[in-house]
Each structure stands twice: as structure tokens, then as C-alpha cells.
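Residue strings, one per chain:
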Amino acid sequence: MSELNIKAEDKELRGRYANMMQVMHAKEEFVLDFIFAHPPQGELVSRLIVSPSHAKRIAEALMDNLKKYEAQFGPVDKV
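Residues numbered from 1 in each chain as written. Predicted model: local features only at pLDDT ≥ 70, side-chain atom pairs only at ≥ 80, totals over all residues. Heavy atoms only, no water.

Student: Provide a residue-level description of a nonpolar patch on the surface, including the pertinent values.
Tutor: The grouping of Met63, Leu66, Tyr69, Phe73 and Val76 at the surface amounts to a nonpolar patch, some 490 Å² of accessible area in total. For Val76, the location among the structural elements is in the segment after α2 (52-73). Take Val76: its relative accessible area is 40%, and that puts it in the partly exposed class. (Patch = residues over 30% accessible without salt bridge, like charges linked within 9 Å, V, L, I, M, F, W, Y side chains within 5 Å. Areas by Shrake-Rupley, 256 points an atom, 1.4 Å probe, with all protein chains shown as cover. Salt bridge = Lys/Arg side-chain N within 4 Å of Asp/Glu carboxyl O. Helix = DSSP H or I, 4+ residues; strand = E, 2+ residues; numbered from the N terminus. Buried < 20%, exposed > 50% of the residue type's maximum accessible area, 1.4 Å probe, protein only.)

Student: Help me get a handle on the pairing of strand β3 (residues 41-50), residues and values and all.
Tutor: Bridging between strand β2 (residues 30-38) and β3 involves nine bridges; their strand directions are antiparallel. Among the inter-strand pairings, His38 is bridged to a residue of β3, identified as Gln41. Remark: two residues form the turn of the hairpin made by β2 and β3, two consecutive strands paired antiparallel. (Pairing = 2+ DSSP bridges.)

Student: How would you explain the sheet that holds β2 if you had to name every residue and give the values?
Tutor: Read from one edge to the other, the open sheet built from three strands follows the order β1-β2-β3, with strand pairing classed as antiparallel. A single partner strand is all that each edge strand has here, and the edge strands are β1 (20-25) and β3. Pairwise comparison of adjacent strand axes, ignoring direction, gives a mean angle of 20° for this sheet. Strands β2 and β3 of the sheet are contacted by α2, whose axis makes an angle of about 115° with β3. (Axes fitted to C-alpha atoms, helices over the stretch in contact; angles between N-to-C directions. Contact = heavy atoms within 4.5 Å.)

Take a look at the structure:
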């Protein structure tokens with residue numbers, strides 16, 4: 001893969017907090033909604049729409065990073 005320069009505004013680099021996620025899918029895409037749930041309501045922080053193959057790469061990257069995290073800091077509970 002060739003090098004790719006990525007531009008980002010400061011507000012994107014700061015990130016947004018989400019403590020909940022909802023996933024939906026259709027034949028050609030996965031929709032990932034990241035939500036900040038603060039009762040009595042929640043706020044949609046970001047929506048990502050990705051292809052099935054990219055969704056699989058995201059899942060694999062998350063699992064790889066979770067394994068590395070747990071090796072360094074110990075098991076993560078699914079509370």
C-alpha cells in the first residue's frame with residue numbers, strides 16, 4: 001500500500017466520547033452509530049457507513065488491539 005497523507009481539523013483530532021454503539025447492516029453496507037448515552041436521552045456522536053469488507057477489517061483491528069491491551073493491562077470485563 002502506498003503512503004497516504006491524511007488531513008484532519010483540530011476538532012476531529014480531539015475526538016468525541018461514546019459509551020454506546022449500535023450496528024445495523026444491509027447487503028452492501030454496515031452502519032455504526034456511536035452514541036453518548038446520558039439519561040434521560042442520548043446523543044448521536046458519529047455515524048460511520050462502511051462496506052462489509054471494511055467492517056471485517058475494523059473488527060479484526062479491534063480484536064488485535066484488545067489482545068495487546070489485555071496483555072499489557074489485564075482482562076477487560078464486558079460489564
